[in-house]
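Now for the letters of each chain:
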Amino acid sequence: MNKFLKEFKDRGYFYQCTSEDELSNLLNKKSINAYIGFDSTASSLHVGSLLQIMCLKLLQKHGHRPIVLLGGGTTRIGDPSGKEETRKILSEKQIEQNIKNIQNVFKIFLKTNNPKLKPIFVNNYKWLGKLNYIKFLREIGKHFTINKMLSFDSVKLRLDREQSLSYMEFNYMILQAYDFLELNKTKNCLMQIGGSDQWGNIVNGVDLIKRHSGKQVYGLTTPLITLASGTKMGKTEKGAIWLDEKLLSSYDYWQFWRNTDDRDVIRFLKMFTDLEVKKIEEIKNNNINDLKIILANEATAMLHDKASAQ
């Protein structure tokens, strides 16, 4: 198995993949460009997005180039995945400001000194903002069937619960597939990574590129992280665990990791630190509180710095 995919699995990042053997062969042969999209619905990302950032970091470690797509265009629509109601529509000015702020987080996690691996930042408003509706329907819309679109979880769940789904949101999956096509054409992007709730959207992109351009690309998803307690990662009684020090101090960030449930510690050491998996296996039977401090120190040093962790 390819080294990147092996470590991706060893760290617990793997959920689903399109054509895994083919992807493994491709990654053994050459370095590729791969992307993850982040919508800009707030002025900072929170710890719920950290797994995706760690995936981009792992791509770089194994000699592949990450593309960070900041959804200036798709944020104007709103992703219905996992949502019970329509997202609040933000002003264009607010979205652009959010993008500027969010970009800073990636500059902390992703190395920028090697020009071949330096992250490529793109804002999908650049192409989505210029779309001609009729032309788009003729060239892209013809590849999508309503039957298939209605079968995706993001749509089905809302309809089953008789919650309204606006036509605007219904189009989100087509726009995300179009993003992948655009990045394939302009940045030679061969893979999209996302959370398991994005699987339908990612497969749409893979299919669209095959139909539109006859090219083979790949999709890879990560599991949605739930805590041993059953709650969603990144939300606490006090609120979201932000990755921006203006919104959450390094002290509170450290405390969040220090207070990890005993049952989650080893899993989180693999997912959210740079410690080698072999090293984590060696120390996994150490005192649980010592392991929590290692987790808190490693995670905080990565986002802030060693002095803050100390």
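Thresholds applied
Residues numbered from 1 in each chain as written. Predicted model: local features only at pLDDT ≥ 70, side-chain atom pairs only at ≥ 80, totals over all residues. Heavy atoms only, no water. Pairing = 2+ DSSP bridges. Helix = DSSP H or I, 4+ residues; strand = E, 2+ residues; numbered from the N terminus. Contact = heavy atoms within 4.5 Å. Axes fitted to C-alpha atoms, helices over the stretch in contact; angles between N-to-C directions. Buried < 20%, exposed > 50% of the residue type's maximum accessible area, 1.4 Å probe, protein only. Right-handed = clockwise from strand over helix to strand, strands pointing away. Expected span 1.5 Å × (residues − 1). Arc of directions from axis to C-beta. Polar contact = N/O pair within 3.5 Å; in protein donor to acceptor, adjacent residues only side chain to side chain. Parallel < 35°, antiparallel > 145°, perpendicular 65-115°, else oblique. Nonpolar A, V, L, I, M, F, W, Y, C, P; charged D, E, K, R; others polar. Core = buried A, V, L, I, M, F, W, Y, C linked by side-chain atoms within 4.5 Å. Salt bridge = Lys/Arg side-chain N within 4 Å of Asp/Glu carboxyl O. Patch = residues over 30% accessible without salt bridge, like charges linked within 9 Å, V, L, I, M, F, W, Y side chains within 5 Å. Areas by Shrake-Rupley, 256 points an atom, 1.4 Å probe, with all protein chains shown as cover.

Turning next to the sheet that holds strand E1 (residues 16–17). Within the open sheet, the six strands sit side by side as E1-E6-E5-E2-E3-E4. Their pairing is mixed. The outermost strands of the open sheet, each flanked by one partner alone, are E1 and strand E4 (120–123). As judged from the two bridges shared by E1 and strand E6 (residues 218–222), these two strands associate in the antiparallel manner. Counted as the bridge partner of cysteine 17 is leucine 220 from E6. Sitting on the sheet, helix H11 (residues 199–213) is in contact with E1, strand E5 (189–195) and E6, with an inclination near 170° to E6.

This part covers the pairing of strand E3 (residues 65–71). Both faces of the sheet carry side chains from a regular strand, because those side chains alternate between them. Counted residue by residue, E3 has six buried out of seven residues, so it is predominantly covered. Where strand E2 (residues 33–39) and E3 come together, seven bridges link them in parallel fashion. Bridging across to E3, isoleucine 36 finds its partner in valine 68. Crossover E2 to E3 through helix H3 (residues 50–61) is right-handed. Pairing of E3 with E4 involves four bridges; the strand directions are parallel. Its bridge partner being in E4, isoleucine 67 is matched across the sheet by isoleucine 120.

What follows concerns helix H15 (residues 288–303). For an α-helix, the turn length of 3.6 residues means that residues three or four places apart are oriented alike. Compared with the 22 Å implied by 1.5 Å per residue over 16 residues, the 23 Å span of H15 between its first and last C-alpha is a close match. Taken residue by residue, H15 has Leu291, Lys292, Leu295, Ala296, Ala299, Thr300, Met302 and Leu303 as its buried positions. Axial view of H15: buried residues confined to an arc of 160°, hence all on one face. The elements touched by buried residues of H15 are H3, helix H4 (92–109), helix H12 (250–258), helix H13 (265–272), helix H14 (277–283) and helix H16 (306–309). Taking the backbone nitrogen of asparagine 289 as reference, a side-chain oxygen 2.7 Å away marks asparagine 287 as the first, capping residue of H15.

The subject of this paragraph is the packing of helix H1 (residues 3–10) against helix H2 (residues 20–29). Direction vectors running N to C along H1 and H2 enclose 125°, while the axes themselves pass 8 Å from each other. The angle between H1 and H2 places the two elements in the oblique class. On H2, the residues touching Lys3, Phe4, Leu5 and Lys9 of H1 are Glu20, Leu23, Ser24, Leu27 and Asn28. By residue class, the composition of the contact of H1 with H2 is four nonpolar, two polar and three charged.

Counting 88 residues, the largest nonpolar core has Phe106, Met191 and Trp257 as its most contacted members. Not counting chain neighbours up to four residues away, the residues in contact with tryptophan 257 comprise Val47, Leu50, Met233, Phe268, Phe272, Lys292, Leu295, Ala296 and Ala299.

Should their charged atoms come close, side chains of opposite charge can pair. All chains considered together, the criterion is met by 15 salt bridges. Across the salt bridge formed by lysine 57 and aspartate 274, the nearest N and O atoms sit 3.3 Å from each other. Separated by 217 residues along the polypeptide, lysine 57 in helix H3 and aspartate 274 in the loop between H13 and H14 bring together distant segments of the chain. On the basis of relative accessibility, which here comes to 19%, the residue lysine 57 falls in the buried class. A residue is classified by how much of its surface remains accessible, and aspartate 274, at 42% relative accessible area, is partly exposed.

Before going further, it helps to spend a moment on a nonpolar patch on the surface. Together, Tyr133, Ile134, Leu137 and Tyr167 line one region of the surface with nonpolar side chains, adding up to about 450 Å² of accessible area. The biggest single contributor to the nonpolar patch is helix H6 (residues 133–139), with three residues. With respect to the helices and strands, isoleucine 134 occurs in helix H6. The exposure class assigned to isoleucine 134 is exposed, which follows from its relative accessible area of 55%.

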